[in-house]
Amino acid sequence: MSAAIEVMRNHRSIRKFTDEAIAPEQLQAIMAAAQSASSSSFLQASSVIRITDSELRRQVMVLCGEQAYVAGAAEFWVFCADFHRHLHWVPHARTGFAEQLLIGAIDTALMGQNAITAAESLGLGGVFIGAVRNQPHRLCELLALPQGVIPLFGLCLGHPAQDPEPKPRLPAALVFMENRYQAEPDEAKMAEYDAQVRRYYQTRTGGNKDMTWTGQIAATLAREARPFMLDFLRQQGFCLR
Ligand SMILES: Cc1cc2nc3c(=O)[nH]c(=O)nc-3n(C[C@H](O)[C@H](O)[C@H](O)COP(=O)(O)O)c2cc1C
């Protein structure tokens, strides 16, 4: 196995950090790795806002459902899809296409994954924060995000103060298909996976969490998923056509 694959296979989200700052040369290396990700049509439709002001960080933490690690991690970065700079350089650019939302989201997610993998390769840890989309209008005000920019996810980074086991993923045979979509999943494999996830949560929580994967997704998918999102996207100039 290569060192890069080993880092990726050892990934687990870190939600407890020491107080130690990340060294400036490590930060530069993580940023450079993030920017090295591929980019659709070379549009580079992303911006990252590093929240260094502690009062601003606290306010962002409140918007993110009071997740303490948003305030406590050495670093908190907000990854945004960004067509604002394109509109600056090309005022007559045709934007607002739904396709461009996908481009911005894909480019930015690739950057985020590069960033966390680079950090992990340096012995650091992190967790993505989708909760930056809980109150996106308010976050736009706090971070002065203009038209053409939307916050997609946050990333906490720091020195780990915990060492959780990697979370088991779906059996590869259910995820990787050949030639055609396989609509009927293998029930036995799913049952095995549910049992594996239950064991994982039991061990991780000292027996306090009794949950399978199918149980978890049923609970998640029973809730509305930020129903205000389409209006927000349109207000920021995305998904207009
Ligand atoms: C886009 C995105 C948003 C996420 N948002 C949150 C979040 O707001 N809070 C949190 O604690 N974890 C968040 N996570 C972490 C996931 O819960 C975690 O990746 C998943 O449970 C798998 O666990 P692992 O990363 O340890 O393998 C997010 C992950 C992604 C990719």
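Report on the accompanying structure. Since we're looking at a predicted model, the values are computed, not measured. (Residues numbered from 1 in each chain as written. Predicted model: local features only at pLDDT ≥ 70, side-chain atom pairs only at ≥ 80, totals over all residues. Heavy atoms only, no water.)

### Section: the site of the ligand
The test is simple: Residues are counted as near a molecule or strand when any one of their heavy atoms sits within 4 Å of it. Counting of polar contacts relies on pairs of N or O atoms within 3.5 Å, with two restrictions inside protein: one atom must be capable of donating a hydrogen and the other of accepting it, and residues adjacent in sequence are counted only when both atoms are side-chain atoms. Areas reported as accessible are Shrake-Rupley estimates using a 1.4 Å probe. Residue values count occlusion only from the protein chains shown. Per the convention used, a helix needs a DSSP run of H or I reaching at least four residues, while a strand needs a run of E reaching at least two, with both numbered from the N terminus. For this scheme, ten residues count as nonpolar: Ala, Val, Leu, Ile, Met, Phe, Trp, Tyr, Cys and Pro. Four count as charged, namely Asp, Glu, Lys and Arg, and the remainder, Gly too, count as polar.
His-11, Ser-13, Gln-67, Tyr-69 and Lys-167 are the nearest of the 13 residues found near the ligand. Within the side chain of Ser-13, an N or O atom sits 2.6 Å from an oxygen atom of the ligand. Between the ligand and Tyr-69 there is a distance of 2.7 Å, counted from an oxygen atom to a side-chain nitrogen or oxygen. Burial of the ligand by the protein amounts to 67% of the accessible area it has alone, namely 620 Å². With three residues, the single largest contributor to the shell around the ligand is strand E3 (residues 125-129). Looking at the shell around the ligand residue by residue, the classes come out as five nonpolar, four polar and four charged.

### As for the pairing of strand E4 (residues 149-158)
Going by this rule: Any residue under 20% of the maximum accessible area for its type is buried, any over 50% is exposed, and the rest in between are partly exposed; the area is computed with a 1.4 Å probe on protein chains only. A pair of strands is considered paired only if DSSP assigns at least 2 bridges between the two.
Among the ten residues of E4, ten are classified as buried, and the element is accordingly described as predominantly covered. Where E3 and E4 come together, five bridges link them in antiparallel fashion. What sits directly across from Gly-125, in E4, is Gly-158.

### Examining the side chain of Thr-212
Which entries qualify depends on this criterion: Contacts between residues were defined by any pair of non-hydrogen atoms, one from each residue, lying within 4.5 Å.
Looking at the secondary structure, you find Thr-212 in the loop between helix H9 (187-204) and helix H10 (213-222). Among the polar contacts made by the side chain of Thr-212, one reaches the main-chain amide nitrogen of Gly-215 at a distance of 2.9 Å. Beyond its immediate sequence surroundings of up to four residues, Thr-212 is in contact with Asp-194, Val-197 and Arg-198.

### Observations regarding the packing of aromatic side chains
Test applied: Two rings from Phe, Tyr or Trp (for Trp, the six-membered ring) form a pair when their centres are within 6.5 Å of each other. A pair whose planes differ by under 30 degrees is stacked, one over 60 is edge-to-face, and the rest are tilted.
Taken as a whole, this structure holds six aromatic pairs when the rule is applied. With 6.0 Å between their ring centres and 70° between their planes, Phe-83 and Phe-238 make a pair best called edge-to-face. Of the two residues, Phe-83 sits in the loop between strand E2 (75-82) and helix H5 (84-89) while Phe-238 sits in the segment after helix H11 (229-235), which places them 155 residues apart along the sequence. For Phe-238, a relative accessible area of 4% corresponds to the buried category.

### Concerning the packing of helix H3 (residues 54-63) against helix H7 (residues 136-143)
In a packed pair of helices, the relevant descriptors are the angle between the two axes and the axis-to-axis distance. The condition is simple: Where helices are involved, their axes are fitted lines through C-alpha atoms of the stretch in contact, as for all axes, and angles between N-to-C directions lie from 0 to 180°. Small angles under 35 degrees read as roughly parallel and large ones over 145 as roughly antiparallel, with 65 to 115 read as roughly perpendicular and the rest as oblique.
Across the interface, H3 lies against H7 with an axial gap of 10 Å and an inter-helix angle of 170°. Accordingly, the angle class assigned to the pair H3 and H7 is roughly antiparallel. Contacts from Leu-56, Gln-59, Val-60 and Leu-63 in H3 reach Arg-138, Leu-139, Leu-142 and Leu-143 in H7. Here the contact of H3 with H7 is built from residues that sort into six nonpolar, one polar and one charged.

### A few points about unusual backbone geometry
For residues other than glycine, phi is negative in most cases, and the peptide bonds are mostly trans. A positive phi is found at Gln-44, a non-glycine position, where the angle reads about 50°. Mapped onto the elements of the fold, Gln-44 is located in the loop between helix H2 (24-35) and strand E1 (46-50). In this structure, Cys-239 takes a positive phi of about 55° despite not being glycine. Here Cys-239 lies in the segment after H11.

### Brief notes about the side chain of Glu-120
Relative to the elements of secondary structure, Glu-120 occurs in helix H6 (residues 98-121). Among residues more than four places away in sequence, those in contact with Glu-120 are Val-7, His-11 and Arg-12.

### Details of the sheet that holds E3
Read from one edge of the open sheet, four strands run E1-E2-E4-E3, paired in antiparallel fashion. In this open sheet, the two strands that pair with only one neighbour each are E1 and E3. In this sheet, neighbouring strand axes are inclined to one another by 25° on average, regardless of whether the strands run parallel or antiparallel. Bridging between E2 and E4 involves eight bridges; their strand directions are antiparallel. Bridged to Ala-81 within E4 is Ile-150. Of the strands in this sheet, E1, E2, E3 and E4 touch H6, which is tilted by about 5° from E4.

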